[in-house]
Amino acid sequence: MARIVLSFVVAAAFQPGVLAQTWCGKNYMAGSPVVPPGGQFPTPATTSSPLLAFRCAPAIKPYIPDDASSPAGILIDTYVTYSDIVGAAPISIPDHGDLGSVAVTVSTNGHVLADGTVPLNASKVELPFSLSDLEPTTGAYNISCTATYAVSGAATQSFNTSGALSYLPAPPDGRSVTKMDLRTGALLAKPATGKGGTYEPVMPVGFYTTFGGYLASNLSIINEVKDLGYTVIHPVPAYDNLTQLAQVIERMEEVGMYLMYDMRWTYQNTTAITEEVNRVKNSPALLLWYTGDEPDGTSDPLNATSIAYDLIYKLDGYHPVSLCLNCENYYWNEYSAGADIVMQDAYPIGNNVTFSSQWGTACTPEYGDCGCDNCKGDFEDISTRLDEFHYRLWVDGWDRTKALWTVPQGFGQDTYWPDYPTGQQFVVQSIVGINHGGRGVVSWDMPTTDEILQYGARLARASAVFTPYIASPAAVFAHVFVGQVDVGLWTVAGKTLVLAANLNYAAAAFDLGSVPGLQNRTAPVVQILDSGASANGSVISFESTGSGGFVVG
């Protein structure tokens, strides 16, 4: 979110003896000392010998009794790495040739759920199992996974890991269920109206939206953004009028708009969490919860997000929990631990990222606040942030249990950001976020300019076409740069979705035939999104900061 700059004093709990105003653990007021913030993500040690990162997780979270009629799945990863990441153990492999496979067994409470053979150095290999062997329960099943590796002439090697399997009872009447497809990071939900339907992939595209004095007093806004194609609204508290809050939620149910419910001001208060979750959890429009809003920036207690997460799951359990991190690298593990969905909000449009216009001080990795932490002031700040977050998920063993979303900058004329992004800049931010793993696009914030709203609507309407590609477990994904054009490709059943964003402030073009995997199948090309891009045969042309979406084949 864009910050209203407050003059508050933070006792630097992580920096004994320091008392100063901080953001991301950094002092930023003129005259305050330069003190390294600490809290950096630990870089894994490298090894000269191979390690096996053997991991297992359910394919869907949660399963419910309605799922028992079809096979469920356990995802197995068998990464061979030379980085000492979480859970990695030494493995002896052949110097040359095929690495072979491991024999995997998955069990719970001494009962074998699934077994099978998984190639070494593979990811997301799904072993089917039957839910009929289990009883639904509000607590998660602990699953034990073992892998046995044997190659000719070498001793048999064994590896063990564990995971959590959620198989919940049928939800109470009226309560929705939002599932996480951990094969893709996408959400699965029924329509927000609560009037039936099947679970379908949801690509949330929408805005954090001012509640008091805006959304609460003009319910027609909900209809308008629904008509524009947006799929989610994230009302921003305080919710100081509960009657109006109920009216907003009711209207969202009527039109079929998903709700992202925000507890930023109350998530550290267990009594408030209990009241709010119990008030909202039975709405069919509820898609997910939101707790910490930039808790790393404000140096909230390191366990605050996890405490809130555990309580929300105790009270509900049928909807994932999200939060947004603002800092590039400040106690990332501790804050991310309290979420299923970790959002990033690097805002690089229009601000000076090396010298703070607000405070008159320089911004460095150890000092200052320029509104975009450790940024360079270009679109690549977004891709770098998401790539770093994804790497950290992999290091921590969370890449099969958590997902990433992105928060495009949709505001301006605010503290560090004198200018609003253009509509095309807004879409570039969004596509870069999606191409680098973002499975939801929720911008800060509405009200915004009509140009941003209309260009965002182009993306939202296109999401109906591109979501089935991005959310398909069968999709083969590739990412390439063609010059400064960021290109994501998802191939399903012989057709390829291409999302491409020109990061340059100059025109650009490339031939789809030059992209690996598309050389021999560049027709037909159907455009699904136009934000300053066009196709002529197999050649895609971009305006300055133009972007587009295409289906090839």
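Here the structure is a predicted model, which is why all the values come from computation and not from measurement. (Residues numbered from 1 in each chain as written. Predicted model: local features only at pLDDT ≥ 70, side-chain atom pairs only at ≥ 80, totals over all residues. Heavy atoms only, no water.)

## Quick look at the state of the cysteines
- Taken as a whole and judged by the stated rule, the model has four disulfides.
- Two residues share a disulfide in this structure: Cys56 and Cys145, whose sulfurs sit 2.1 Å from each other. What sets the handedness of the Cys56 and Cys145 disulfide is the S-S torsion sign, and at about 95° it is right-handed. Residue Cys56 is found in strand S5 (residues 46-58), and its partner Cys145 is found in strand S12 (residues 141-149); the two are separated by 89 residues along the sequence.
- Using a relative accessible area of 1% as the deciding quantity, one classes Cys145 as buried.
- Left without a disulfide partner, Cys324 is nearest to the cysteine sulfur of Cys327, which lies 10 Å away.
- Classification of Cys324 by relative accessible area gives buried; the value is 0%. (Disulfide = S-S within 2.5 Å. Helix = DSSP H or I, 4+ residues; strand = E, 2+ residues; numbered from the N terminus. Buried < 20%, exposed > 50% of the residue type's maximum accessible area, 1.4 Å probe, protein only.)

## As for empty space enclosed by the protein
- In total, this model carries two cavities of 30 Å³ or more according to the counting rule given.
- Empty space within the largest cavity amounts to approximately 50 Å³.
- Residue lining of the largest cavity: Lys61, Pro62, Ser166, Thr178, Met180, Tyr313, Gly317, Tyr318, His319, Pro320 and Asp340, and that is the complete set.
- What the second largest cavity holds in volume is close to 40 Å³.
- Lining the second largest cavity, in full, are Gly206, Phe207, Thr209, Val225, Tyr230, Val232, Ile233 and Met446.
- Every element with two or more residues in the lining of the second largest cavity is listed here: strand S17 (205-210) and strand S18 (232-236).
- The element that contributes the greatest number of residues to the lining of the second largest cavity is S17, accounting for three residues.
- Each residue belonging to the lining of the second largest cavity can be placed in one class, and the counts come to six nonpolar, two polar and no charged. (1 Å grid on protein atoms, 1.4 Å probe; cavity = no way out; pocket = protein on both sides within 12 Å on 5 of 7 lines; lining within 4 Å. Points joined across faces, edges and corners; volume = space filled by probe spheres on them. Nonpolar A, V, L, I, M, F, W, Y, C, P; charged D, E, K, R; others polar.)

## Here's the deal with the pattern of salt bridges
- Per the counting criterion, the structure on display carries 13 salt bridges.
- In this structure, Lys26 engages Asp373 in a salt bridge whose closest nitrogen and oxygen atoms are separated by 2.7 Å. One end of the pair, Lys26, is in strand S4 (residues 26-27); the other, Asp373, is in the loop between strand S22 (341-344) and helix H7 (380-396), with 347 residues separating them in the sequence. Each of the two residues, Lys26 as well as Asp373, counts as buried.
- A salt bridge links Asp340 to Lys61, with the shortest nitrogen-to-oxygen separation between them at 3.1 Å. Linking Asp340 in the loop between helix H6 (332-336) and S22 with Lys61 in strand S6 (residues 60-61), this pair joins segments that are 279 residues apart in sequence.
- Take Asp340: its relative accessible area is 1%, and that puts it in the buried class. (Salt bridge = Lys/Arg side-chain N within 4 Å of Asp/Glu carboxyl O.)

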